[in-house]
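Fold and geometry: a report
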Amino acid sequence: MHIAIDGPAASGKSSVAKALADHFGFLYLETGRMYRAVALGLSRGIPLDQLRLEVTEAGRFLLNGEDVTDELHTPALDRGSSEVATRRDVRERMVSLQREIAEDRDVVMEGRDIGTVVLPNAEVKIFLDAAPEVRAERRARQRHQRDIEPILEDLRRRDRRDRTRAISPLNPASDAHIIDTSEKALTEVILAAIAWVKERSGKGDTPV
Ligand code: DC
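Just so it is clear, the model here is predicted, and its values are computed rather than measured.

**Brief notes about the overall build of the chain**
Scanning the chain from N- to C-terminus turns up eight helices and eight strands. For 208 residues, the compact-globule estimate of 2.2 N^0.38 gives 17 Å, and the C-alpha radius of gyration of the chain, at 16 Å, lies within 12% of that figure. Expressed as a percentage of the 208 residues in the chain, the buried residues total 48%. Of the contacts formed within the chain by residues at least 6 apart in sequence, a portion of 73% connects residues at least 24 apart. For the chain, the exposed area adds up to about 10,200 Å²; of that, 48% sits on carbon and sulfur atoms. Each charge class in the chain can be summarised by its mean position, and for the 33 positive and 36 negative side chains these summaries are 3 Å apart.

Here it is as structure tokens:
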């Protein structure tokens, strides 16, 4: 089974996708980290055609053999990844790698274009959204920052770029289940997502 989770930055995608993968015993793939790893490689001066990106079974991200998993969530790569994500050559490579990883296996894949482009036949599609102010507050808490204003400004800029880019813009798939998480606690969203997966799969408890 394929579960696609899409939504803007800090909408709760990673927490929900991880919880679903744990609950159902599926592989979890955070595709944003793939774009971040590419941005890191390019910032180090490695040309795209010499970038080798691998995702291990344990969920580690290797860039030309080096484990960069824990270096990817920085403000510079927030911006850098959003920029490289507008490039057709980058997206084509990422999409084919993502499809390869999902082939013949149960996966929860999280990103911006999973339900619309990467896995259009996913059995379950969830689109998470939240007000920009709420997302900026969440991001500030995650990164132990007090000043919300610059984070909010950065989120708005990224949102604009992600939603308006020519190729695979951030958009809910027409058959996605949309959840606004602004006023909801994370556990509430996770329980709703688990219930939705079970309903879609037409079965009771695990395995789906
Ligand atoms: O989910 P994230 O914030 O880590 O993603 C980083 C950037 O990568 C984001 O600005 C948009 C881009 N991205 C994308 O275009 N498509 C995806 N499937 C995942 C991320």
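So much for the structure itself; the text now carries on.
**With respect to the nonpolar core**
In terms of nonpolar packing, the biggest core is built from 31 residues, with M34, V38, L53, L72, M94, M109 and L119 touching the most fellow members. Those elements that provide at least two residues to this core are β2 (27–30), α2 (31–43), β4 (61–63), α3 (75–84), α4 (88–102), β6 (107–111) and α5 (114–118). A19, A21, V124 and V197 belong to the second-largest nonpolar core, a separate cluster that totals 21 residues.

**Let's talk about the pairing of β6**
Most of β6 is tucked away: five of the five residues are buried. Pairing analysis gives five bridges linking strand β1 (residues 2–6) to β6, with the strands arranged parallel. Bridging across to β6, D6 finds its partner in G111. With four bridges connecting them, β2 and β6 associate as parallel partners. Across the sheet, residue Y28 finds its bridge partner in β6, namely V108.

Cut-off values and rules
Residues numbered from 1 in each chain as written. Predicted model: local features only at pLDDT ≥ 70, side-chain atom pairs only at ≥ 80, totals over all residues. Heavy atoms only, no water. Helix = DSSP H or I, 4+ residues; strand = E, 2+ residues; numbered from the N terminus. Rg over C-alpha atoms; globule rule 2.2 N^0.38 Å. Buried < 20%, exposed > 50% of the residue type's maximum accessible area, 1.4 Å probe, protein only. Contact = heavy atoms within 4.5 Å. Areas by Shrake-Rupley, 256 points an atom, 1.4 Å probe, with all protein chains shown as cover. Lys, Arg positive; Asp, Glu negative; His and termini not counted. Charge placed at Lys NZ, Arg CZ, Asp CG, Glu CD. Core = buried A, V, L, I, M, F, W, Y, C linked by side-chain atoms within 4.5 Å. Pairing = 2+ DSSP bridges.

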